[in-house]
Amino acid sequence: MQATLKPEPEAGHDPCTQLLVRSWRLIMVRGVECPLVTHEFRCACGLDGREVLRAFCAFLCALAFSQRRRLWVNPPGEPRLTADETDMLRLIAAAQNGCAPLLDAQLSGLARQPLRAALEHSVRELGALLQARQLRLPRPA
């Protein structure tokens, strides 16, 4: 039996969560040129898959440059989310759902002040592109 990098569907997670988490994990393991990531975005976003993937990569770059500490991501296939994966999803959900206080709190927790504006811009752009393709994260609690 051959191992695969494609994780099992994560119980209780919506399609947008699955797309973002699977893609982040695959990018961490295989890099941004991973054909599985390109395929995931093409399947989820159709012809706009490359544009949304570029926005996701820009978001991940902004997150990497602005982060206060090293972020932890589970390997592909792990059904549980790390606290950092959950924070990333909350950040995008806050941007998508217009939750300004939560967006501000998430940005403050994740990003150093000098680079916070770049992260905010990238997460707002990603959230809008996902929402335009009917990929919506649940409203954060």
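Note: the structure precedes this text.
The structure contained in this document is the topic of the report that follows. Please read all numbers here as calculations on a predicted model, not as lab measurements.

Section: the nonpolar core
Generally speaking, a soluble globular protein has its nonpolar side chains buried in company with each other. Membership of the largest hydrophobic core comes to 40 residues, with the highest contact counts inside it found for Phe56, Phe59, Ile92 and Leu130. Of the residues forming this core, the biggest block, nine residues, is contributed by helix 3 (residues 49-66). If we skip the residues at most four places from it in the chain, Leu130 touches Cys16, Leu19, Leu20, Val52, Ile92, Gln96 and Leu135.

Quick look at the state of the cysteines
Under the defined criterion, the tally for this structure stands at zero disulfides. Here Cys16 is not cross-linked by a disulfide; its sulfur's nearest cysteine counterpart is in Cys45, at 8.4 Å. Taking relative accessible area as the criterion, Cys16 reaches 2% and is therefore assigned buried.

Section: unusual backbone geometry
Peptide bonds are mostly trans, and most non-glycine residues show a negative phi. A positive phi angle is found at Gln134, which is not glycine, with a value near 60 degrees. Inspection of the secondary structure puts Gln134 in the segment after helix 6 (116-132).

Definitions and limits used
Residues numbered from 1 in each chain as written. Predicted model: local features only at pLDDT ≥ 70, side-chain atom pairs only at ≥ 80, totals over all residues. Heavy atoms only, no water. Core = buried A, V, L, I, M, F, W, Y, C linked by side-chain atoms within 4.5 Å. Buried < 20%, exposed > 50% of the residue type's maximum accessible area, 1.4 Å probe, protein only. Helix = DSSP H or I, 4+ residues; strand = E, 2+ residues; numbered from the N terminus. Contact = heavy atoms within 4.5 Å. Disulfide = S-S within 2.5 Å.

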